[in-house]
Amino acid sequence: MAFSRVARSGLRRTGGTFGSYSNEGDVLLCEGISIHRNPLPSLQNAKAARDFSYISSFRKIDHLNMQSRGIRVTPQYQSATAERIVEESESEFDEPRYPGLEATKPGEKPRVVVLGTGWAACRFMKGLDTRIYDIVCVSPRNHMVFTPLLASTCVGTLEFRSVVEPVNRIQSALATSPNSYFYMASCFSVDTDKHEVYCETVSNGGLPHEPYQFKVAYDKLVIAAGSEPLTFGIKGVQEHAFFLREVNHAQEIRKKLLLNLMLSENPGISEEEKKRLLHCVVIGGGPTGVEFSGELSDFIMRDVRDRYTHVKDYVKVTLIEANEILSSFDVSLRQYATNHLTKSGVGLMRGVVKEVHPKNIVLNDGTNVPYGLLVWSTGVGPSQFVKSLDLPKAPGGRIGIDEWLRVPSVEDVFALGDCAGFLENSGRPVLPALAQVAERQGKYLLELFNRIGKHDGGKAFSAKDSVLGDPFVYKHLGSMASVGRYKALVDLRQSKDAKGLSHAGFVSWLIWRSAYLTRVISWRNRFYVAVNWATTLVFGRDNSRIG
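Naming follows an unreviewed UniProt entry, where the protein chain appears as NADH:ubiquinone reductase (non-electrogenic) of Salix suchowensis. Under the heading Sequence similarities (unreviewed entry), UniProt records this for the protein chain: "Belongs to the NADH dehydrogenase family." Looking at the protein chain in UniProt, the text filed under Cofactor (unreviewed entry) is "FAD".

Written out as structure tokens, the structure reads:
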């Protein structure tokens, strides 16, 4: 850097002063600028902060004001040295400088950067051959969530740790390999020309700079950044509703539910206020909304009635859906779910939410619905990060991909999971945002990477001539949903309009539990889940409110 080179040369000659002048009295900087002692930051501080913005401000100096303060300035940069410093410093520091991992060198393993720790990302990392690749994972959470069982944690059927698995247990190289890392951070920008991603750490103030930002160079980039809940721009949703996508969401729902139960028992609470506090409203009749409603009705029927006898008659669950619940399931299964939920005490309403207030929601027809707990589950859409990327977009705003999960028009970038969708010109429909879609894409992509890596296609710009193999093909394996009280739905049709096996009832509930127990992330989690289910069956759900 220009300023550093000039300053260091002067310091070496004089042992700590600028040019050939000592610290006593005035100091002459760059032949034409004379200043008093310590008007600028020390070189040591400047080097630490990498902040040379004051150099470029020399052109804006007011000569009269400086002369009045005892500072002599050579006007119009009559000193060639000073002019060179300003010009070079401006050109060198137009762009921010980030610490981080530079590009891999010849002889080093290619680096795969993975954005996210969801179903797609973790399935991809789990099987990636670490003898061929180094892995760098960037995500604001350090674990994967088994989302199909997340609703069970809200009411204490399962413990929270039973549905999560640390990412460094899924791929041990992140903890043991010298050149593989997990960074707890969020990516905010991607430079596909430089093959770099720019990240900002998740921190609570313990780092020297806030926000702390860094870069990671990649040979291959896999974007599996997931999605965000859809709110349709409805006023008040973000401020007052709870989502059910992460473990912390489930924790907040549980705390709010138990708090309302305990507050409603306080003396002096009116009948109307008790009804409001204990009215749980679920927006969205998809699998998540239905399963949460079923778990909640189970909790009320079996546990609340025994442990909160003073307010048990005030507890109510309402499920609001604009059309039909479980619209992707067979008609007979939808009807079974409707009848079962109604029999379990869940009220079903048709309507569209117009706006959300702190204690009530307003529907499009003007209906006012008071609530104590509001859970929002109306589907997902692209995140703000995905929207901000200058990449081709598929219908719905997802990152556009081809049949091999590549992002066209850029090199070495792949996308999968909820954040990706096939481009219109591929002739393929955008796949639903399901866990099984993400997992199958992750498995496909790791096999592709392992194949091209064995033929030296892992480095940046080296996969153009690689044989990618067959394109990705998705085959739907079916859908399942629990509706509470030992009942579930199993729909094994490959598509909504296709024919196939469908069943509802207790046997389906056994199938549902068996399938999810085998699909849980690890043997450790399977043990936790089995023990939690057995404990709940024998002793009931825990209703302790912690935090």
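How do you make sense of the overall build of the protein chain when you look at a structure like this?
If you tally the helices and strands in the protein chain, you get 18 helices and 28 strands. In the protein chain, buried positions account for 47% of the 547 residues. For the protein chain, the proportion of contacts with a sequence separation of at least 24, taken over those separated by at least 6, is 65%. As displayed, the protein chain offers around 27400 Å² of accessible surface, 51% of which is attributable to carbon and sulfur atoms.

Please clarify how helix H14 (residues 331–343) should be interpreted in this entry.
Within an α-helix, residues lying three or four positions from one another point in the same direction, as the helix has 3.6 residues per turn. Over its 13 residues, H14 extends 19 Å from the first C-alpha to the last, a length consistent with the 18 Å expected when each residue adds 1.5 Å. Listed in full, the buried residues belonging to H14 are Leu-333, Arg-334, Ala-337, His-340 and Leu-341. Within H14, the buried residues cover an arc of 135 degrees as seen down the axis, which keeps them to one side. Away from its buried face by more than 90 degrees, H14 exposes Val-331 and Lys-343. Elements that come into contact with the buried residues of H14 comprise helix H13 (287–307), strand E16 (316–321), strand E17 (346–350), strand E26 (479–484), strand E27 (487–491) and strand E28 (502–505). Looking one or two residues past H14, Gly-345 carries a phi angle of roughly 95 degrees, positive in sign.

Which parts of the structure should I look at to understand the side chain of His-340?
Mapped onto the secondary structure, His-340 falls in helix H14. Overall, His-340 belongs to the buried group, its relative accessible area being 10%. Once residues lying within four places of it in the same chain are set aside, the contact partners of His-340 are Val-483, Gly-484, Arg-485 and Lys-487.

Teacher, can you tell me more about the packing of aromatic side chains here?
For any pair of aromatic rings, geometry is given as the distance between the ring centres together with the angle between the planes. By the definition in use, this model includes 13 aromatic pairs. Measuring from ring centre to ring centre gives 5.9 Å for Phe-146 and Tyr-516, while their planes differ by 85 degrees; the resulting arrangement is edge-to-face. Of this pair, Phe-146 sits in the loop between strand E7 (143–145) and helix H7 (150–154) while Tyr-516 sits in helix H17 (residues 506–519), and the two are 370 residues apart along the sequence. Accessibility classification places Phe-146 together with Tyr-516 in one group, the buried group. Relative to Tyr-183, the ring of Tyr-181 lies with its centre 5.7 Å away and its plane at 10 degrees, an arrangement referred to as stacked. You can call Tyr-183 partly exposed: its relative accessible area is 22%. Through a chain of ring-to-ring contacts, three or more aromatic side chains come together here, namely Trp-119, Phe-146, Trp-512 and Tyr-516. Looking at Arg-428, its charged tip hangs above the ring of Phe-422, at a distance of 5.2 Å from the centre. For the cation-ring pair, Arg-513 lies above Trp-533, with the distance from its terminal atom to the ring centre recorded as 4.1 Å.

Before we go on, may I ask you to explain H17 in this structure?
Look at H17: 20 Å from first C-alpha to last across 14 residues, which is about the 20 Å you get at 1.5 Å a residue. Of all the residues in H17, the buried ones are Ser-508, Trp-509, Trp-512 and Tyr-516. Along the axis of H17, the buried residues cluster in a sector spanning 105 degrees; they form a single face.

What am I meant to see in the sheet that holds E27 here?
For sheets, the rule is that strands pair by backbone hydrogen bonds, running either parallel or antiparallel. Across the sheet, which stays open at both edges, the 3 strands sit in the order E26-E27-E28 with antiparallel pairing between neighbours. Two strands in the sheet have a free side with no partner beyond their single neighbour: E26 and E28. The mean angle between the axes of side-by-side strands here comes to 10 degrees, regardless of whether they run parallel or antiparallel. In this structure, E26 lies alongside E27, joined through 5 bridges in antiparallel fashion. Residue Ser-482 lies in a different strand from E27, and its bridge partner there is Ala-488. Contacting E26, E27 and E28, H17 runs over the sheet at an angle of about 75 degrees to E27.

Could you clarify how one ought to interpret the side chain of Ser-264 in this entry?
Within the fold, Ser-264 resides in the loop between helix H11 (247–263) and helix H12 (271–277). In this structure Ser-264 comes out as buried when scored by relative accessible area, which is 0%. With residues up to four places along the chain from it excluded, the contact list for Ser-264 reads Ile-269, Lys-274, Leu-277, Leu-278 and Val-311.

I would appreciate a short explanation of the pattern of salt bridges in the present structure.
A side chain of one charge can pair with a side chain of the opposite charge if their charged atoms are brought near each other. Across all of its chains, the model carries 22 salt bridges by this definition. Between Lys-109 and Asp-134 there is a salt bridge, and its shortest N-O distance comes to 3.4 Å. With Lys-109 in the loop between strand E4 (100–101) and strand E5 (111–115) and Asp-134 in strand E6 (residues 134–139), the pair connects residues that are 25 residues apart, well separated along the chain. On the accessibility criterion, Lys-109 (28% relative accessible area) is partly exposed. Within this structure, Glu-295, Asp-298, Asp-303, Arg-307 and Arg-541 form a network of salt bridges that share partners.

Calculation rules
Residues numbered from 1 in each chain as written. Predicted model: local features only at pLDDT ≥ 70, side-chain atom pairs only at ≥ 80, totals over all residues. Heavy atoms only, no water. UniProt positions renumbered as here; feature names shortened; annotations may be inferred. Helix = DSSP H or I, 4+ residues; strand = E, 2+ residues; numbered from the N terminus. Buried < 20%, exposed > 50% of the residue type's maximum accessible area, 1.4 Å probe, protein only. Contact = heavy atoms within 4.5 Å. Areas by Shrake-Rupley, 256 points an atom, 1.4 Å probe, with all protein chains shown as cover. Expected span 1.5 Å × (residues − 1). Arc of directions from axis to C-beta. Phe/Tyr/Trp six-rings, centres within 6.5 Å; stacked < 30°, edge-to-face > 60°. Lys NZ or Arg CZ within 6 Å of the ring centre and 35° of its normal. Pairing = 2+ DSSP bridges. Axes fitted to C-alpha atoms, helices over the stretch in contact; angles between N-to-C directions. Salt bridge = Lys/Arg side-chain N within 4 Å of Asp/Glu carboxyl O.

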